[in-house]
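Each chain is listed here by its residues.
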Amino acid sequence: MPARQRPDRLGVIARGVVQGFGLRPFVQRTATSLGLSGFVRNVPGGIAIEAEGSPGALEALVRAVSALPAPARVDAIERTALEPIGETSFYIEESLEGATGAFPLLPDLATCDDCMAEVLDPDDRRHRYPFVSCTRCGPRWSVAHELPWDRARTSMAGFALCPDCRAEYEDPQDVRRFHAQTLACPRCGPQLVLLTPDGRAQCSGDAALGRSAEVLKAGGIVAMLGLGGFQLLVDARDANGVRRLRKRKNRPDKPLALVVADVEGAREIVHLTASECAAFLAPAAPVVLARRRGDADVAPSVAPGVSWLGVMRATTPLHRLLLDAVEAPLVATSGNLSGEPLCANDEEALEHLGQVADVFLTHDRPVVRPVDDSVVREIGGRIVSLRCGRGLAPLSLPRRGTGEARVALGGDLKNAVAVAVGGEVVLGPHIGDLASPRANDAAVQTASSLATMMDLPVTDVVSDAHPDSHVRTIARDWAKRHQVRDGVVFHHHAHVLAGWTEHGGSLPVLGVAWDGAGFGPDRGAWGGEILRVDERRVERVAHLRPFRLPGGDAAAREPRRAALGLLFARFGEAAFERDDAALRSFDAAELRVLERLLASGRFAPETSSAGRLFDAIASLLGVRQRCSYEGQAALELESLASEDDGDFAHPLVRGDGVLDWAPLVDAVLSDRDAGTPIRAIAARFHRGLARALVDVVAAAAAENGIGRVVLSGGCFQNALLSSLTEAGLREAGLEPLPHTRIPPNDGGLAVGQLQALACTPGEAGV
Ligand SMILES: [Zn+2]
Ligand SMILES: [Zn+2]
């Protein structure tokens with residue numbers, strides 16, 4: 001065979017999440033070191049490389065690109081043989097305008113170890129500079145105005161590089177700083193400033209940091225502009241400070257997240273399992289729910305009634321420098337008022353948090369897109385996202401089929417929107433409850449910006465089917481304004497398809513959709529559903545026995561109303577002669593009204609909700625009569641149950657597609673009246689529910705010839721219920737399909753809505 005005279009030339013397209021992490025510089029360095037010529041550039045959905053040289057060197061380049069380390073993710077490599085053209089160097093070609101497609105931008109990443117080492121090194125020119133980043137870390141989503149990922153299109157565009165930074169930016173040998181788009185130093189980058197609540201600048205730079213630390217040490221509240229928006233900080237050991245923050249923010253009980261300097265700081269307050277530790281250290285740096293240490297020096301009011309604390313690491317040098325100065329774990333909660341979206345600029349913060357924070361530690365690098373902290377929890381050995389925010393969203397997943405570009409707006413609670421383009425579904429970051437006009441605007445803006453970044457004309461908007469919801473209103477407006485189709489998907493259908501998305505594979509599946517409540521096809525409040533979902537339709541194969549909720553929606557915040565409804569369903573009017581904690585919490589006049597509602601059925605709609613069953617049991621056990629946040633009673637019940645290590649389970653009965661809680665309620669009441677410890681009763685309730693669920697699912701599986709079972713809905717944030725159910729299903733020879741990356745709660749609804757629309761194009765789901 002004659003020796004090859006000419007070099008080979010190869011075209012390579014790498015698809016996946018590849019922009020915003022210094023991939024092009026990486027390719028250039030690698031190619032140059034291999035003696036290859038050619039170029040690399042951003043293209044829709046990834047990067048394109050053309051390289052020329054020896055076949056061995058070309059192969060080595062392809063291997064290097066395929067094996068990129070996290071946070072990059074290469075899904076597919078396409079190669080094409082080309083005619084050699086005799087180039088002499090390898091260069092980065094300017095980005096093509098509009099070079100988007102599949103979602104190509106990374107979420108914001110916590111400061112890497114190398115950057116943090118520079119910040120802490122007295123001899124480094126970036127010593128104590130709070131805005132250090134590199135190709136491997138720092139803001140992405142929150143600072144990008146548009147794609148492709150280039151400094152000129154970010155909120156760093158206004159900061160001209162100083163000669164030292166420019167030299168790093170242009171040096172191909174500088175692995176971390178070559179083409180690092182958010183590169184900055186104390187001479188040329190953003191600067192800190194400390195504002196008083198009336199907006200006056202008090203001091204700047206290191207002095208602003210020092211003064212903030214003093215405020216925190218004195219028990220004060222600091223509003224700090226972090227990566228994706230403002231956080232409210234207070235010394236977590238200081239019970240008075242925490243109380244003041246709760247009062248001012250109007251957040252009486254909901255657990256508050258903590259930020260600590262590093263993993264040692266975390267281990268002082270929580271027990272971390274290996275996977276919790278890995279999640280804590282990951283580039284996403286989410287809030288990790290972990291078991292609280294008995295000797296943790298943290299005010300009990302940080303997370304009252306539960307045995308976990310939510311802990312995250314310092315996500316930026318700013319957090320780290322502040323934590324080192326204060327030498328205490330800090331509460332770090334979203335900079336918003338209850339029910340409002342995150343504040344992300346000084347004007348918003350001063351307007352909405354002026355009465356909350358004592359000082360405002362802010363800076364001049366604008367947040368383009370606000371993004372809240374993420375929350376994860378270990379469930380059944382997996383790390384499960386409970387909230388996809390900073391670091392985890394936008395989240396790309398494979399779509400069912402392909403097709404037109406669509407927007408899904410989710411539901412009213414824990415809102416997050418999603419878009420589908422080509423073969424991909426992209427879930428946007430957590431927005432929150434659509435309880436205010438600003439929150440509604442945030443949902444619309446996020447959906448618009450995702451659609452714009454994908455750069456495709458949207459043909460459909462889809463939302464939860466509840467006719468009176470805020471999300472229906474904004475969906476109708478969107479459809480009208482953009483002249484697109486307006487579809488709805490029923491709540492629990494979307495839940496099951498959201499869970500299924502993580503696993504893919506064929507339909508039909510069985511789906512357990514257990515949550516607080518969602519609008520069902522019979523206009524009822526569903527929430528204890530077992531569904532069969534196939535290509536074209538959804539069938540309700542079983543559900544929890546319904547009971548009435550006196551006062552309807554009011555029951556969501558008052559477990560005692562659910563308890564009353566449950567007792568009424570069990571004992572009829574005799575329920576009102578009982579001596580129960582739930583009844584005692586009402587006065588005589590209230591009880592007369594509630595009895596009338598239950599007897600007549602007026603303003604006392606039936607629900608099959610598992611979440612309300614948890615509420616009712618919590619009330620009957622005297623654990624909680626009123627909630628100040630969604631799911632509080634169930635969380636406290638789980639926390640109690642997880643302290644019990646028995647194996648006794650309360651019974652339920654299965655009959656004709658209905659899971660009847662009557663024997664379970666009887667057992668709970670007799671245990672309680674016999675003086676059994678509450679934590680044991682709570683655990684028996686969990687075990688009984690899981691066993692009965694497995695039993696009813698196994699029957700449906702046998703009848704339908706289906707072995708795969710999605711577990712979705714807010715109830716599967718409950719680690720105890722989830723792990724018991726998963727284990728039971730496996731024992732029964734079935735395959736559980738639980739959530740991992742998409743939240744099991746309503747934060748994942750939008751993904752399921754898009755998948756449902758793919759099942760039945762252009763029409764309402766179910
Ligand atoms: Zn870095
Ligand atoms: Zn500089």
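Because the structure is a prediction, the values reported are computed rather than measured.

Chemist: Teacher, can you tell me more about helix H11 (residues 437-454) here?
Modeler: Note on helix geometry: an α-helix contains 3.6 residues per turn, so any two residues three or four positions apart are oriented the same way. For H11, with 18 residues, the first-to-last C-alpha span of 26 Å sits near the 26 Å given by 1.5 Å per residue. For H11, the full list of buried residues reads Ala439, Asn440, Ala442, Ala443, Thr446, Ala447, Ser449, Leu450, Ala451, Met453 and Met454. Buried residues in H11 make contact with strand E19 (405-408), strand E20 (418-421), strand E21 (424-427), strand E22 (458-464) and helix H12 (470-482). A positive phi of about 60° marks Asp455, the residue just after H11.

Chemist: Would you mind showing me how to read the pairing of strand E13 (residues 308-313) here?
Modeler: Taking burial as the measure, the six residues of E13 include six buried ones, the bulk of the element. Residues Trp308, Gly310 and Met312 of E13 are buried on one face, and the alternating residues Leu309, Val311 and Arg313, pointing to the opposite face, are buried as well. Of the pairings in the sheet, the one linking strand E10 (residues 257-260) to E13 comprises four bridges and is parallel in character. If you follow Val259 over to E13, its bridge partner there is Met312. The pairing of strand E12 (residues 287-292) with E13 spans four bridges and is classified as antiparallel. Bridged to Ala290 within E13 is Leu309.

Chemist: Can you walk me through unusual backbone geometry in this structure?
Modeler: A negative phi holds for most residues other than glycine; trans holds for most peptide bonds. In this model, Ala393 is joined to Pro394 through a cis peptide bond whose omega is 0°. Locating Pro394 in the fold gives a position in the loop between strand E17 (382-387) and strand E18 (395-398). Across the junction of Leu507 and Pro508, the peptide omega takes the value 5°, indicating a cis bond. Summarising the element assignment, Pro508 is placed in the loop between helix H13 (491-501) and strand E24 (509-519). Of note in this structure, Arg128 is not a glycine but carries a positive phi near 60°. Position of Arg128 among the secondary structure elements: in the loop between helix H3 (113-120) and helix H4 (163-170).

Chemist: Help me out: how do you make sense of the environment of Val426 in this one?
Modeler: Following the sequence through the fold, Val426 ends up in strand E21. When the 25 C-beta atoms within 10 Å are taken as the criterion, Val426 is described as buried. As for Val426 and Leu395, which are separated by 31 residues in sequence, their C-alpha atoms are 5.3 Å apart.

Chemist: In this structure, what is going on with the pairing of strand E14 (residues 330-334)? I would like to understand it.
Modeler: Every regular strand shows the same layout, with side chains that alternate between the two sheet faces. With five of five residues buried, E14 is to be regarded as a mostly interior element. Taken together, the five bridges between strand E9 (residues 230-235) and E14 define a ladder with antiparallel strand orientation. From the neighbouring strand, Leu232 faces E14, where its bridge partner is Thr333. Direction of pairing for E10 relative to E14: antiparallel, over a ladder of two bridges. The residue bridging Leu258 from the neighbouring strand is Val331, located in E14.

Chemist: How should I be thinking about the domain arrangement of the protein in this particular structure?
Modeler: Under the domain assignment, the protein is made up of domain 1 (8-92), domain 2 (192-372), domain 3 (394-502 + 746-759) and domain 4 (547-687). For domain 2 versus domain 4, the distance between C-alpha centres works out to 36 Å. In this assembly, six residues from domain 2 lie in contact with seven residues from domain 4.

Chemist: Help me understand the nonpolar core, please; the structure alone is not making it clear to me.
Modeler: A general feature of soluble globular proteins is that nonpolar side chains tend to end up buried together. Judged by nonpolar contacts, the single largest core of 223 residues is most densely connected at Val311 and Val697. When sequence neighbours within four positions are dropped, the list of residues in contact with Val311 reads Leu258, Val260, Ala266, Ile269, Val270, Phe280, Val287, Val288 and Ala290. Core analysis: the second largest hydrophobic core is formed by 18 residues, Ala14, Ile47, Ala57 and Leu61 among them.

Rules of the game
- Residues numbered from 1 in each chain as written.
- Chains lettered and ligands numbered in written order.
- Predicted model: local features only at pLDDT ≥ 70, side-chain atom pairs only at ≥ 80, totals over all residues.
- Helix = DSSP H or I, 4+ residues; strand = E, 2+ residues; numbered from the N terminus.
- Expected span 1.5 Å × (residues − 1).
- Buried ≥ 20, exposed ≤ 12 C-beta atoms within 10 Å, placed from the backbone.
- Contact = placed C-beta atoms within 7 Å.
- Pairing = 2+ DSSP bridges.
- Domains from an automatic or database assignment.
- Core = buried A, V, L, I, M, F, W, Y, C linked by C-beta atoms within 7 Å.

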